[in-house]
Amino acid sequence: VRAGGWRGVGRLCLDPLVWVGGAFLALLVVQYLNAGRELVFNWRIPAWEYARPPRPDWPSAVERGEALEMLIWFVPAYAIALAVRHAVASRQELRSLLRVLVVNTLLLGAFGIVQFLTKTEAIYWHFPLKAQFFASFGYINHAAAFFQLMFFVALGLLTYHLVARPV
């Protein structure tokens, strides 16, 4: 909370992102806690099926590790969204943050190219992976989505610097 004291806390409590994001994270936590369904053979219909979760009426996941992965992804994204929404005071600060992200992406891309050119089969030259990877991404489709997103962020910043600023 910025130097707004209790007013800043009040603004935070009135933000719909807090409540919608919090509800989504609560759903992911319930799903994680109600996970761990096993594959069992049903003799009545001679077929394999997943056992019922501990609480059948609640959201659940088949694998607890995959449910945990969703929490690992979305908790930091939620924190970043709240930080950008409430801690970034001006448009200039937001543009500075975007510039840092673009530079970070440039360095990450260069790192990935170096890894590719050295033909390493281990991410960071230390952790072997059987699947293809790029830079710090263990799954190349995630890398592709990230770099495409950051390309358009960089394109937006370039457009701002060429068009929006007075000459």
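Just so it is clear, the structure is predicted and the values come from calculations on it, not from any experiment.

Digging into the overall build of the protein
Piece 1. Along the backbone of the protein there are five helices and four strands.
Piece 2. Ordering the α and β elements of the protein from the N terminus gives α-α-β-β-α-α-β-β-α.
Piece 3. C-alpha atoms of the protein, sized along the principal axes, occupy 75 × 55 × 25 Å.
Piece 4. Residue pairs at least 24 apart in sequence account for 50% of intrachain contacts in the protein once pairs closer than 6 positions are excluded.

Remarks on the nonpolar core
Piece 1. Of all hydrophobic cores here, the largest spans six residues; its members are Val18, Leu25, Leu28, Leu71, Tyr78 and Leu82.
Piece 2. Those elements that place two or more of their residues in this core are α2 (16–33) and α3 (64–87).
Piece 3. Not counting residues within four places of it along the chain, the set of residues in contact with Tyr78 comprises Leu17, Val18, Gly21, Gly22 and Leu25.

Observations regarding helix α4 (residues 91–117)
Piece 1. The terminal C-alpha atoms of α4, which comprises 27 residues, lie 39 Å apart, in line with the 39 Å expected from a rise of 1.5 Å per residue.
Piece 2. For α4, the set of buried residues is Arg95, Thr105, Leu108, Gly109, Gly112 and Gln115.

Observations concerning the packing of aromatic side chains
Piece 1. Taken as a whole and judged by the stated rule, the model has 11 aromatic pairs.
Piece 2. Aromatic pair Phe137 and Phe146: ring centres 5.4 Å apart, planes at 40 degrees, arrangement tilted.
Piece 3. The exposure class of Phe146 is partly exposed, given its relative accessible area of 24%.
Piece 4. Among the aromatic residues, ring-to-ring pairing joins Phe111, Tyr124, Trp125 and Phe127 into one connected group.
Piece 5. Taking NZ or CZ as reference, Arg55 lies 4.8 Å from the ring centre of Trp58, over its face.
Piece 6. Positioned above the aromatic ring of Tyr32, the side-chain terminus of Arg64 is 5.2 Å from the ring centre.

As for the confidence of the model for the protein
Piece 1. For the protein, the average pLDDT comes to 87, and 93% of its residues sit at 70 or higher.
Piece 2. Confidence, read as mean pLDDT per element, is least for helix α1 (residues 6–14) in the protein (71) and greatest for α2 (94).

Some words on the environment of Gln31
Piece 1. Positionally, Gln31 belongs in helix α2.
Piece 2. On a C-alpha basis, the gap between Gln31 and Pro53 in space is 9.9 Å, while along the polypeptide they are 22 residues apart.
Piece 3. When neighbours within four sequence positions are excluded, Gln31 is seen to be in contact with Pro59, Ser60, Ala61 and Ala67.

A word on the packing of α4 against helix α5 (residues 140–164)
Piece 1. Interaxial distance between α4 and α5 falls to 10 Å at its minimum, and their mutual angle equals 130 degrees. Relative to α5, α4 is oriented oblique. The hand of the α4/α5 crossing is left-handed. Contact with α4, carried on its side by Arg95, Leu98, Arg99, Leu101, Val102, Thr105, Leu108 and Gly109, involves Phe146, Phe147, Met150, Val153, Ala154, Leu157, Tyr160 and His161 of α5 and no other residues of that element.
Piece 2. Looking at the contact of α4 with α5 residue by residue, the classes come out as 11 nonpolar, three polar and two charged.

What counts and what doesn't
Residues numbered from 1 in each chain as written. Predicted model: local features only at pLDDT ≥ 70, side-chain atom pairs only at ≥ 80, totals over all residues. Heavy atoms only, no water. Helix = DSSP H or I, 4+ residues; strand = E, 2+ residues; numbered from the N terminus. Contact = heavy atoms within 4.5 Å. Core = buried A, V, L, I, M, F, W, Y, C linked by side-chain atoms within 4.5 Å. Buried < 20%, exposed > 50% of the residue type's maximum accessible area, 1.4 Å probe, protein only. Expected span 1.5 Å × (residues − 1). Phe/Tyr/Trp six-rings, centres within 6.5 Å; stacked < 30°, edge-to-face > 60°. Lys NZ or Arg CZ within 6 Å of the ring centre and 35° of its normal. pLDDT = per-residue confidence, 0-100. Axes fitted to C-alpha atoms, helices over the stretch in contact; angles between N-to-C directions. Parallel < 35°, antiparallel > 145°, perpendicular 65-115°, else oblique. Left-handed = near helix turned anticlockwise from the far one by under 90°. Nonpolar A, V, L, I, M, F, W, Y, C, P; charged D, E, K, R; others polar.

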